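The chain contents come next:
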Amino acid sequence: MKVFITRRIPEAGLQLLREASIEITEWTEKRDLTTAELIGYCKSHQALLSAGHNRIGVEFLEACAHLRVVSLHSVGYDNVDVPAATRLRIPIGNTPGVLSGATADTAFLLMAAVARKAIYMHKKILQGAWGFSDPTADLGIDLNGKTLGIWGLGKIGYEMARRCRAVYGMRILYHNRGHNEEAERALGAVRVSFDELLAGSDVLSVHTSLTPETAGTFNAGVFRRMKPTAIFINTARGGIHHEPDLIAALQQGVIWGAGLDVTNPEPMAADNPLLSMENVAVLPHIGSATQETRSAMATLAARNVIAGLRGERLPNVVNPEVYM
Ligand SMILES: NC(=O)C1=CN([C@@H]2O[C@H](COP(=O)(O)OP(=O)(O)OC[C@H]3O[C@@H](n4cnc5c(N)ncnc54)[C@H](O)[C@@H]3O)[C@@H](O)[C@H]2O)C=CC1
Ligand SMILES: O=C(O)C(=O)CO
């Protein structure tokens, strides 16, 4: 049995695959494969382990319908045409849970960095501009006692809310498809309408998945319904905000600041105006990038491959309908 891996993954996952006597082919070039290349490699393999965000679309899936499993090294699966995979009875695996803490840490650090203009001030030192200290200049804002709004209170949203409640005593509002009873009980979180979330949040943090319903939601009209003092945080997917509208909202003072771990497109161009704004912090999609978390993700992704190749149900399957 052979698995094709699209980017190097941590040793913990590779070791599990070797122990299960699975032959590994790794793509080691530092660029994404084209669909044609991916099809070419997968023809001679029975499993695909996709790290990074290769498009797993209908063209690929139809050409590789022999695959017993497509295992993602991520929790997000917006890069996959899941209905097509289900139709072709290809199980799709992902890595939920193990990255929730690390990704929430990233949202939290972006929030704190924006509130205190930390990245911008660091850049000023590098430019030799640490000069005379003016007590009225470069002031940030306190987060203590402020209101956090979470859009998408699932696993990562919950971890972000828990951190903000514990450290800053923040009041938690959330808008989610259903109730999150644990968050309501443990954190006093209050479920509100989307409009109330926009109007009531001092910090609004996005944690939904990227779907046709959530794509482009944060646009000019939505930013205008937020507080002019609000901080917008997105660690979910860049496609959920409209980037030119976000730039304009920040330039015009419609909202106060933004912290992004995800951009649209990725990578972000080095001359993007967001990178030179005072109240903005941008990271290059490093939400889950800790040694422990990436090893845990590699382990889950390898377990999905092993189960798929053995004809067993994947431990974490995105499309359980394939088993019906
Ligand atoms: N920056 C990074 O490196 C990472 C980013 N992510 C992103 O974070 C996302 C969330 O991950 P998890 O918390 O594990 O997923 P999850 O499935 O536990 O939580 C997502 C929540 O959003 C809610 N939701 C979805 N669409 C909605 C809508 N239209 N309106 C209201 N609520 C909606 C769901 O009900 C669910 O509660 C992933 O899909 C992925 O895109 C995940 C890991 C790392
Ligand atoms: O898991 C995901 O969805 C990511 O974005 C990277 O960890």
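For every chain, the first residue of the written sequence is number 1, and numbering continues from 1 onward in sequence order. The naming scheme follows written order: chains are lettered A onward, ligands numbered 1 onward. Totals for whole chains, interfaces and linings use all residues, but because this is a predicted model, local features are given only for residues with pLDDT of at least 70 and pairs of side-chain atoms are given and counted only at 80 or more. Hydrogens are left out, water is left out, and the side-chain values use all remaining heavy atoms of the structure.

Looking at an unreviewed UniProt entry, one finds the protein chain named Glyoxylate/hydroxypyruvate reductase B and attributed to Dawidia soli. UniProt positions are given in the numbering used here, feature names are shortened, and annotations may be inferred rather than shown by experiment. Per UniProt, the protein chain carries the Sequence similarities (unreviewed entry) text "Belongs to the D-isomer specific 2-hydroxyacid dehydrogenase family. GhrB subfamily."

Caption draft 1: Structural view of the domain arrangement of the protein chain. Taken as a whole, the protein chain is organised into domain 1 (2-98 + 291-323) and domain 2 (100-282). The domain limits used here are those given by an automatic or database domain assignment. Distance from the C-alpha centre of domain 1 to the C-alpha centre of domain 2: 31 Å. We call two residues in contact whenever any of their non-hydrogen atoms come within 4.5 Å of each other. With seven residues of domain 1 at the contact, the number on the domain 2 side is five residues. For the pair domain 1 and domain 2, the two sides together bury roughly 510 Å², of which 51% comes from carbon and sulfur. We define a salt bridge as a side-chain nitrogen of Lys or Arg found within 4 Å of a carboxyl oxygen belonging to Asp or Glu. Across the domain 1-domain 2 interface, the total number found is one salt bridge. Close ionic contact of Arg237 with Asp78 constitutes a salt bridge, the shortest N to O distance being 2.9 Å. Polar contacts here mean pairs of N or O atoms no more than 3.5 Å apart (in protein, one a potential hydrogen donor and the other a potential acceptor; neighbouring residues in sequence count only if both atoms are side-chain atoms). One can count two residue pairs in polar contact (both at pLDDT 80 or more) joining domain 1 with domain 2. Residue composition of the side of domain 1 that touches domain 2, grouped by class: two nonpolar, four polar and one charged. A quick way to say it: buried area is the sum, across both parts, of accessible area lost when two parts are put together, with a 1.4 Å probe. In the scheme used here, Gly and all other residues not listed as nonpolar or charged are polar, with Ala, Val, Leu, Ile, Met, Phe, Trp, Tyr, Cys and Pro taken as nonpolar and Asp, Glu, Lys and Arg as charged.

Caption draft 2: Representation of the site of ligand 2 in the model. Looking at ligand 2, the residues that line it are His53, Ser74, Val75, Gly76, Leu99, Arg237, His285, Ser288 and Met297. Residue Gly76 places a main-chain N or O atom 2.8 Å away from an oxygen atom belonging to ligand 2. Measuring from an oxygen atom of ligand 2, one finds a side-chain N or O atom of Arg237 at 2.8 Å. What sets the accessible areas is the Shrake-Rupley method with a 1.4 Å probe; for residues, cover comes only from the shown protein chains. About the coverage of ligand 2: the protein hides 88% of its 230 Å² of free accessible area. One heavy atom within 4 Å of a molecule or strand makes the whole residue count as near it.

Caption draft 3: Summary view of helix 1 (residues 11-19). Within the span of helix 1, buried status applies to Gly13, Leu14 and Leu17. Considered in projection along helix 1, the buried side chains sweep an arc of 100 degrees and stay on one side of the axis. To qualify as a helix, a DSSP run of H or I must reach at least 4 residues; to qualify as a strand, a run of E must reach at least 2; elements of each kind are numbered from the N terminus. Next to the buried residues of helix 1 lie strand 1 (2-5), strand 2 (23-26), strand 3 (47-50) and helix 12 (291-309). Looking one or two residues past helix 1, Ser21 carries a phi angle of roughly 60 degrees, positive in sign. Exposure is judged per residue with a 1.4 Å probe applied to protein chains only, and the accessible area is read against the type maximum: over 50% gives exposed, under 20% gives buried, and values in between give partly exposed. Here the arc refers to the directions that run from the helix axis out to each C-beta atom.

Caption draft 4: Layout of the environment of Ala248. Inspection of the secondary structure puts Ala248 in helix 11 (residues 243-251). Residues Ala248 and Ala166 lie 82 residues apart in sequence; the distance between their C-alpha atoms is 33 Å.

Caption draft 5: Spotlight on the pairing of strand 10 (residues 231-234). Alternating positions in strand 10 separate into two faces, Ile231 and Ile233 on one and Phe232 and Asn234 on the other, with burial throughout. Strands are labelled as partners when DSSP assigns at least two bridges between them. Of the pairings in the sheet, the one linking strand 9 (residues 203-206) to strand 10 comprises four bridges and is parallel in character. Directly across from Leu204, in strand 10, lies its bridge partner Phe232. Bridge analysis of strand 10 against strand 11 (residues 257-260) gives four bridges, and the strand direction is parallel.

Caption draft 6: Expanded view of the sheet that holds strand 3. Across the sheet, five strands lie side by side as 2-1-3-4-5; this open sheet has parallel pairing. Whereas interior strands pair on both sides, the edge strands pair on one side only; in this sheet they are strand 2 and strand 5 (92-93). In terms of strand pairing, strand 4 (residues 69-72) meets strand 5 through two bridges, oriented parallel. Among the inter-strand pairings, Ser71 is bridged to a residue of strand 5, identified as Gly93. Axis angles are defined between N-to-C directions and span 0 to 180 degrees, where every axis is a line fitted to C-alpha atoms and, for a helix, only to the segment in contact. Along the sheet face, helix 12 touches strand 1, strand 3, strand 4 and strand 5 and points at about 175 degrees away from the line of strand 4.

Caption draft 7: Geometry of the packing of helix 5 (residues 100-115) against helix 7 (residues 155-168). Running from amino to carboxyl end, helix 5 crosses helix 7 at an angle of 50 degrees, the nearest separation of the two axes being 8 Å. Taken together, the axis directions place helix 5 and helix 7 in an arrangement best described as oblique. Seen from above, helix 5 lies across helix 7 with right-handed handedness. Taking contact as the criterion, the partners of Ser100, Gly101, Thr103, Ala104, Asp105, Ala107, Phe108, Met111 and Ala112 in helix 5 are, on helix 7, Lys155, Ile156, Glu159, Met160, Arg163, Cys164, Val167 and Tyr168. Partitioning the contact of helix 5 with helix 7 into residue classes produces ten nonpolar, three polar and four charged. Angle categories: roughly parallel below 35 degrees, roughly antiparallel above 145, roughly perpendicular from 65 to 115, and oblique for all the rest. We call a crossing left-handed when the near helix sits turned anticlockwise from the far one by less than a right angle, and right-handed when that turn is clockwise.

Caption draft 8: Geometry of the packing of aromatic side chains. Classification of ring pairs uses Phe, Tyr and Trp, with its six-membered ring standing for Trp, and accepts pairs whose centres are within 6.5 Å; under 30 degrees between planes counts as stacked, over 60 as edge-to-face, and the remaining range as tilted. Under the criterion given, the structure shown has nine aromatic pairs. Relative to Tyr41, the ring of Phe4 has its centre 4.7 Å away and its plane inclined at 10 degrees; by these criteria the two rings are stacked. Residue Phe4 is located in strand 1, and its partner Tyr41 is located in helix 2 (residues 35-42); the two are separated by 37 residues in the primary sequence. Overall, Phe4 belongs to the buried group, its relative accessible area being 0%. Given the relative accessible area of 34%, Tyr41 is considered partly exposed. Judged by centre distance (4.9 Å) and plane angle (40 degrees), the ring pair of Phe218 and Phe232 falls under tilted. Remark: Phe232 occurs in strand 10 and Phe218 occurs in the loop between strand 9 and helix 10 (220-224); sequence separation between them is 14 residues.

Caption draft 9: Geometry of the site of ligand 1. Surrounding ligand 1, one finds 25 residues, the nearest of these being Lys155, Ile156, Asn176, Thr235 and Asp261. Between Arg237 and ligand 1, the recorded distance is 3.3 Å, taken from a side-chain N or O atom to an oxygen atom. Within the side chain of His285, a nitrogen or oxygen atom sits 3.3 Å from an oxygen atom of ligand 1. About the coverage of ligand 1: the protein hides 88% of its 870 Å² of free accessible area. Here the residues of the shell around ligand 1 are counted per class, giving seven nonpolar, 13 polar and five charged.

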